[in-house]
Amino acid sequence: MSAKIVDGKLVSQVLREKMKLRVEELAKRDIQPGLAVILLGDDAASQVYVRNKVAACQAIGVQSRVYRLAANTSEQKVLEALKLLNNDSEINGILVQLPLPKHIDEDKILEIISPQKDVDGFHKINVGAMVTGHARFYPCTPHGVMKLLEYYGIAIEGRHAVVVGRSNIVGKPMALMLLEKGATVSICNSKTPDLASFTRQADIVVVAVGKPKVLSGDMIKPGATVIDVGINRLPDGSLAGDVDFESVREVAGFLTPVPGGVGPMTITMLLENTIRSSEMV
Ligand code: NAP
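In what follows, the accompanying structure is described. What you are looking at is a predicted structure, and each value in this text was computed from that prediction instead of being measured.

## Re the site of the ligand
Consideration 1: Close to the ligand lie 20 residues, the nearest being R166, S167, S190, K211 and T266.
Consideration 2: The side chain of S167 places a nitrogen or oxygen atom 2.5 Å from an oxygen atom of the ligand.
Consideration 3: Take S190: an N or O atom from its side chain is 2.6 Å from an oxygen atom of the ligand.
Consideration 4: Isolated, the ligand exposes 930 Å² of accessible area, and the fraction of that covered by the protein chains is 71%.
Consideration 5: Per-element accounting of the shell around the ligand gives the leading share, 3 residues, to helix 10 (residues 262-279).

Here it is in structure tokens:
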């Protein structure tokens, strides 16, 4: 058996076409959704992510502004810039590209962003709203995974989902969103003894670890859906996920590739949140 490959580029394209129509509707009300991105320093991967986000905005008619600040910009300066953006009526979404330089307190930065413009969904108020089933913005990566499952008609209710990784931006919200849809959820982490004993029970496995080949074909149930969130740069410069693609492909029912799986969906959900924010104005 060879898994069906879940095509994040295709699903993104379908969703972005629908978003264009919403942007056109907003234009009739003289509203153009606006996203502000703050990028500190010159981390190569962050630069690529920001470039991709800007291009995606442009393609569907969302205005974007990028503020490129030196890596040694003081925390105070960043906080002041964010306060101005909170009060800028042309901006509906604010995003600070992570990771931040060490001298900046990430919590402080994320908490100063207005919850109404927190299109990453990282503000504690938005996290709390999500936990209690009243999400304003779902965090983009797990939201993108949910949209992939929906597009391919993969059942969630009553299934066992195993999430590998417990970060605030992927693992934890992913687990919550699957739980909200009626899955029985296990969350694994670096201290989990015998990871395979969990993943082998799963109908859906989401891997968000950041290490290549954490999950191999012998660790999953035949026909399982495997979602690979990881992005790893290999020594030869190529990109790989967290999943051993070749061995998992032989056993899984559905599998996301890296690149071209979850990655494009993350940006698509950023667009979704920015448009949603401007629709709520
Ligand atoms: P993170 O904050 O470093 O979290 C990694 C998680 O993996 C931690 O909870 C860690 O457990 C767990 N872990 C580490 N080694 C493990 C092991 N051997 N077995 C089981 N669990 C293990 O990373 P993140 O921000 O969630 O990102 C995860 C990956 O997804 C990265 O490769 C990142 O680049 C990628 N990513 C992709 C997208 C996208 O759009 N496709 C978006 C965001 C992130 P402990 O908590 O116990 O340390």
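## Digging into the side chain of S277
Consideration 1: Along the polypeptide, S277 turns up in helix 10.
Consideration 2: What makes S277 buried here is its relative accessible area of 6%.
Consideration 3: Residue contacts for S277: discarding those within four places in its chain leaves N92, Q116, V119 and F137.

## Let's talk about the sheet that holds strand 6 (residues 184-188)
Consideration 1: Spatial strand order, 1-11-8-7-5-6: 6 strands in an open sheet with parallel pairing. Looking at which strands have only one partner, the edges of the open sheet turn out to be strand 1 (4-5) and strand 6.
Consideration 2: Here strand 1 pairs with strand 11 (residues 254-255) via 2 bridges, running parallel. What sits directly across from I5, in strand 11, is L255.

## A look at the sheet that holds strand 3 (residues 63-69)
Consideration 1: The strand order across the open sheet formed by 3 strands is 3-2-4, and the pairing between neighbours is parallel. In this open sheet, the two edge strands, each paired with only one partner strand, are strand 3 and strand 4 (93-96). With strand direction ignored, the average angle separating the axes of adjacent strands in the sheet is 15 degrees.
Consideration 2: As paired elements, strand 2 (residues 34-40) and strand 4 share 4 bridges and run parallel to each other. Note that in strand 4 the partner of L35 across the bridge is G93.
Consideration 3: Together, strand 2, strand 3 and strand 4 form the strand contacts of helix 2 (residues 44-60), whose direction differs from that of strand 3 by roughly 160 degrees.

## Things to note about the environment of D7
Consideration 1: On the secondary structure map, D7 appears in the loop between strand 1 and helix 1 (8-28).
Consideration 2: Given a relative accessible area of 31%, D7 falls into the partly exposed group.
Consideration 3: Through-space distance from the C-alpha of D7 to that of S197 is 28 Å; in sequence the pair is 190 residues apart.

## Some thoughts on the pairing of strand 6
Consideration 1: Alignment of strand 5 (residues 160-164) against strand 6, held across 5 bridges, turns out to be parallel. Looking at the pairing, A161 lines up with V185 of strand 6.

Conventions we followed
- Residues numbered from 1 in each chain as written.
- Predicted model: local features only at pLDDT ≥ 70, side-chain atom pairs only at ≥ 80, totals over all residues.
- Heavy atoms only, no water.
- Near = heavy atom within 4 Å.
- Polar contact = N/O pair within 3.5 Å; in protein donor to acceptor, adjacent residues only side chain to side chain.
- Areas by Shrake-Rupley, 256 points an atom, 1.4 Å probe, with all protein chains shown as cover.
- Helix = DSSP H or I, 4+ residues; strand = E, 2+ residues; numbered from the N terminus.
- Buried < 20%, exposed > 50% of the residue type's maximum accessible area, 1.4 Å probe, protein only.
- Contact = heavy atoms within 4.5 Å.
- Pairing = 2+ DSSP bridges.
- Axes fitted to C-alpha atoms, helices over the stretch in contact; angles between N-to-C directions.

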